[in-house]
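Summary of structural features
Chain by chain, the residues:
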Amino acid sequence: MSALVARRSFVGCPAPLAASVLELARLFPGLGLAVVRPSARAFSSWVCVCSFASEAAAVRFAGVAAGRFFGSGSFCVVRFTGRRWRVSVPCLSPAVVVRVWLGRRRLARGGRLVLAG
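What counts, and at which threshold
- Residues numbered from 1 in each chain as written.
- Predicted model: local features only at pLDDT ≥ 70, side-chain atom pairs only at ≥ 80, totals over all residues.
- Heavy atoms only, no water.
- Pairing = 2+ DSSP bridges.
- Helix = DSSP H or I, 4+ residues; strand = E, 2+ residues; numbered from the N terminus.
- Axes fitted to C-alpha atoms, helices over the stretch in contact; angles between N-to-C directions.
- Contact = heavy atoms within 4.5 Å.
- Phe/Tyr/Trp six-rings, centres within 6.5 Å; stacked < 30°, edge-to-face > 60°.
- pLDDT = per-residue confidence, 0-100.

Looking now at the sheet that holds strand 3 (residues 31-38). Taken in spatial order, the 4 strands line up as 3-4-6-5 in an open sheet, and their pairing is antiparallel. Among the strands making up the open sheet, the edge pair consists of strand 3 and strand 5 (77-80). Direction aside, the axes of adjacent strands within the sheet are offset by 20° on average. Looking at chain direction, strand 4 (residues 46-52) and strand 6 (residues 85-90) are connected through 6 bridges and run antiparallel. Residue Val-47 lies in a different strand from strand 6, and its bridge partner there is Pro-90. Helix-sheet contacts for helix 2 (residues 55-70) involve strand 4, strand 5 and strand 6, and the interaxial angle to strand 6 is about 5°.

Structure below.
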């Protein structure tokens with residue numbers, strides 16, 4: 001598990017790379033889809049959403065991921081979406097190069113992300 005590296009997010013807090021979250025999620029049974037997407041609620045502006053077949057696996061993964069990546073007393077959001085349990089883990093996306101705000105911050109909700117291509 002040497003790839004479980006935490007780097008600094010846009011706001012200066014440590015956050016894991018999405019690949020590190022996926023590496024950890026693969027250790028839990030019932031992992032389905034894992035997706036990296038932007039998030040207005042996550043301090044890192046990105047989350048890795050891991051889908052699990054059972055609530056027990058999702059809750060266990062959420063607890064382990066929160067403790068490993070963010071320290072004791074932390075948590076990751078777990079939600080049921082009809083057929084699967086999903087866990088959202090704040091992460092960093094290595095494709096993001098720079099964040100550019102359009103206009104005033106309060107008007108440009110989330111701004112625009114310039115991706116490496």
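Structure's up, so let's keep going.
What the rule picks out here adds up to 5 aromatic pairs. Judged by centre distance (6.3 Å) and plane angle (65°), the ring pair of Phe-69 and Phe-70 falls under edge-to-face. Considering the side-chain rings of Phe-80 and Trp-85, the 4.7 Å spacing of their centres and the 45° angle between planes classify their relative orientation as tilted. Among the aromatic residues, those joined into a ring-pair cluster are Phe-28, Phe-52 and Phe-61.

Moving on, we come to the confidence of the model for the protein. On average, the protein scores 77 in pLDDT, and the residues at 70 or more come to 68%. Counting contacts from residues 1-5, a segment whose pLDDT is below 50, to residues more than four positions away or on other chains yields 14 contacts. Below pLDDT 50 for its whole length, residues 97-117 participates in 27 contacts with residues either more than four positions away or in separate chains.

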